[in-house]
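Coordinates in review
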Amino acid sequence: MSVIDESMRPMLDTFIFETTTLLDQLDEILLGAEKEKSLNDDQINEIFRAMHTEKGSAAMMGLSEMSERTQRAEDLFFLIRDNPANLNDENSDLTFDILSESSDFLRQELGNLHEDPDGYQPRDA
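Residues numbered from 1 in each chain as written. Predicted model: local features only at pLDDT ≥ 70, side-chain atom pairs only at ≥ 80, totals over all residues. Heavy atoms only, no water.

Once that is clear, we can look at the environment of R81. Along the chain, R81 turns up in helix α3 (residues 64–82). Take R81: its relative accessible area is 36%, and that puts it in the partly exposed class. Sequence separation of R81 and I47 is 34 residues, and the distance between their C-alpha atoms is 9.8 Å. Setting aside residues up to four positions removed in sequence, R81 forms contacts with I44, N45 and F48. (Helix = DSSP H or I, 4+ residues; strand = E, 2+ residues; numbered from the N terminus. Buried < 20%, exposed > 50% of the residue type's maximum accessible area, 1.4 Å probe, protein only. Contact = heavy atoms within 4.5 Å.)

Written out as structure tokens, the structure reads:
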């Protein structure tokens with residue numbers, strides 16, 4: 001039995017494309033910000049919005065593991081957006097690592113889903 005509900009199948013390619021596009025944007029932001037060891041307000045907001053969109057899209061598709069992983073990243077950026085001082089020298093490397101790991105997890109899941117939508121088995125978030 002497929003993880004993707006049959007009624008959602010027509011939207012699968014769009015979901016994969018849009019989520020991959022958001023992950024590409026996220027990676028671009030992260031590469032620049034990691035070099036600078038900081039994120040500006042626009043970057044923080046853009047990361048938050050990307051995670052929020054990815055979370056909602058994954059939930060809509062019934063992909064709870066992907067939705068849960070993006071929820072964690074969204075929560076982290078909610079705290080940072082609410083108080084940018086939460087992203088300081090002590091935890092910036094950890095924050096970038098968490099986002100990179102989340103991006104890698106999502107990319108792997110999208111690849112697996114694209115390769116074999118009927119046999120796709122989600123990994124634990």
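What follows deals with empty space enclosed by the protein. In the structure shown here, the tally under the stated rule is one cavity of 30 Å³ or more. Each pocket or cavity is described by its volume, and for the largest cavity that value is around 30 Å³. In terms of lining residues, the largest cavity is bounded by L22, Q25, L26, I29, E46, I47 and A50. Of all the secondary structure elements, the ones that give two or more residues to the lining of the largest cavity are α1 (12–36) and α2 (41–60). The leading source of residues in the lining of the largest cavity is α1, at four residues. Across the lining of the largest cavity, the residue classes break down as five nonpolar, one polar and one charged. (1 Å grid on protein atoms, 1.4 Å probe; cavity = no way out; pocket = protein on both sides within 12 Å on 5 of 7 lines; lining within 4 Å. Points joined across faces, edges and corners; volume = space filled by probe spheres on them. Nonpolar A, V, L, I, M, F, W, Y, C, P; charged D, E, K, R; others polar.)

If you check α2, its first and last C-alpha atoms are 28 Å apart, about what 20 residues at 1.5 Å a residue would give, namely 28 Å. Taken as a whole, α2 has its buried residues at Q43, I44, I47, F48, A50, M51, E54, K55, S57 and A58. Those residues of α2 that are buried lie in contact with α1, α3 and α4 (92–115). Immediately beyond the C-terminal end of α2, within one or two residues, lies G62, with a positive phi of roughly 85°. (Expected span 1.5 Å × (residues − 1).)

The subject of this paragraph is α4. The end-to-end C-alpha distance of α4 is 34 Å, a good match for the 34 Å that 24 residues give at a rise of 1.5 Å each. Buried residues along α4 sit in contact with α1, α2 and α3.

In the structure shown here, the tally under the stated rule is five salt bridges. For the salt bridge of R107 with D24, the shortest nitrogen-to-oxygen distance reads 2.7 Å. With R107 in helix α4 and D24 in helix α1, this residue pair connects regions lying 83 residues apart in the sequence. With a closest N to O distance of 2.8 Å, R107 and D27 form a salt bridge. Highlighted residues: R107 in helix α4 and D27 in helix α1, separated in sequence by 80 residues. What makes R107 partly exposed here is its relative accessible area of 28%. Taking the relative accessible area as the measure of exposure, D27 reaches 25% and is therefore partly exposed. If you follow the salt bridges from partner to partner, you end up with D24, D27 and R107 in one network. (Salt bridge = Lys/Arg side-chain N within 4 Å of Asp/Glu carboxyl O.)

Quick look at the environment of E65 now. Assignment of secondary structure puts E65 in helix α3. Taking the C-alpha atoms as reference points, E65 and E28, 37 residues apart in sequence, are found 24 Å from one another. Only 3.4 Å separates the side chain of E65 from the side chain of S64, close enough to count as a polar contact. (Polar contact = N/O pair within 3.5 Å; in protein donor to acceptor, adjacent residues only side chain to side chain.)

Worth remembering: the numbers are spatial, not functional.
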